[in-house]
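Below, each chain spelled out in residue letters.
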Amino acid sequence: DTEVTQTPKHLVMGMTNKKSLKCEQHMGHRAMYWYKQKAKKPPELMFVYSYEKLSINESVPSRFSPECPNSSLLNLHLHALQPEDSALYLCASSQGPSGLLSYEQYFGPGTRLTVT
Amino acid sequence: AQSVSQHNHHVILSEAASLELGCNYSYGGTVNLFWYVQYPGQHLQLLLKYFSGDPLVKGIKGFEAEFIKSKFSFNLRKPSVQWSDTAEYFCAVAGNQFYFGTGTSLTVIP
C-alpha cells in the first residue's frame, strides 16, 4: 500500500472550471513533488516543495498553482485548463531537503484528469 | 548535462524467459540509481535502488540490477519473468537532478 494518497482519483473539468488536486504523505518526508504523466511516457516534473517552500518550478503555466499548507499536504489548484492538460497527475515525496532530488521518491496513485 | 536513456522501448517475452532491460546515463558526478515499475492502472513503485556499495542490488519481486560505473549503466534483470511482470519500467538517475528514462513497456505472454 502506498503511503502517499491523492484525491480525487478521477476528475473531469471544463476549460472554465476551477478545481484542486490534493496529496497527503504519511512518511515524515520534507520534500514533495507534482508530476504530470501522459500514457506510456515518463513522469514530467512540475513543482518541488522543500520544507513547505517552493524550490523548483519547471516553467509550468500559471493555470497550475501549487500550494503546500504543511509538511504533509500538497495541493495543485487548476484554473482555465486546456484539453492538452489531460493527463495523470502524480504526487511524490522523498526525504530531504539535503540532497534534494537525490533520494528515492515515493509516488501516490495519481489523479486522472480529463479537460473537456 | 544529465540524461538517461532506455534503448528498449517495447519488449515482448514468453513466461519463464530471462529479462534484461538496459539503462544508460550521462553525468560526470556521483549518482543514485533507481528502477521503478508501473503496472497497468497502478502507481509507480520502487523496484530497487543503488546508492553505494555492492554494485549488484536486489529488489522486490525477484528483480536485480547491476551498476557498471565504467559503462554508465544500470541494467535491470530477472531470471524468469511471469505474466504478472507485464508493466512499464522506468530507470531513474539522481545526480544534481532527478531524471526518468523514457521507459520500457514489457509484455509477458503466458
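Preceding this paragraph is the structure being described.
Read on for a plain summary of the structure.

## Regarding the overall build of chain B
- Along its length, chain B carries zero helices and twelve strands.
- The secondary structure elements of chain B, listed N-terminal to C-terminal, are β-β-β-β-β-β-β-β-β-β-β-β.
- Here the C-alpha atoms of chain B give a radius of gyration of 13 Å, agreeing with the 13 Å that 2.2 N^0.38 yields for 110 residues.
- When its C-alpha atoms are laid out on the principal axes, chain B stretches across 40 × 25 × 20 Å.
- Every one of the 110 residues in chain B was classed for burial, and the buried ones make up 50%.
- Residue pairs in contact within chain B that sit at least 24 positions apart in sequence constitute 54% of those at least 6 positions apart.
- Here chain B carries 7 positive and 7 negative side-chain charges, and the mean point of each set is 6 Å from the other.

## What about the sheet that holds strand S3 (residues 18–25) of chain A?
All names here are of chain A.
- Read from one edge to the other, the open sheet built from four strands follows the order S1-S3-S8-S7, with strand pairing classed as antiparallel. At either end of the open sheet lies a strand with only one pairing partner, and these are strand S1 (4–7) and strand S7 (64–70). Shown here is a sheet whose adjacent strand axes are inclined to one another by a mean of 20°, direction ignored.
- Pairing geometry for S3 and strand S8 (residues 73–79), over seven bridges, is antiparallel. Bridge pairing in S8 links serine 20 to histidine 77.

About the thresholds
- Residues numbered from 1 in each chain as written.
- Chains lettered and ligands numbered in written order.
- Predicted model: local features only at pLDDT ≥ 70, side-chain atom pairs only at ≥ 80, totals over all residues.
- Heavy atoms only, no water.
- Helix = DSSP H or I, 4+ residues; strand = E, 2+ residues; numbered from the N terminus.
- Rg over C-alpha atoms; globule rule 2.2 N^0.38 Å.
- Buried < 20%, exposed > 50% of the residue type's maximum accessible area, 1.4 Å probe, protein only.
- Contact = heavy atoms within 4.5 Å.
- Lys, Arg positive; Asp, Glu negative; His and termini not counted.
- Charge placed at Lys NZ, Arg CZ, Asp CG, Glu CD.
- Pairing = 2+ DSSP bridges.
- Axes fitted to C-alpha atoms, helices over the stretch in contact; angles between N-to-C directions.

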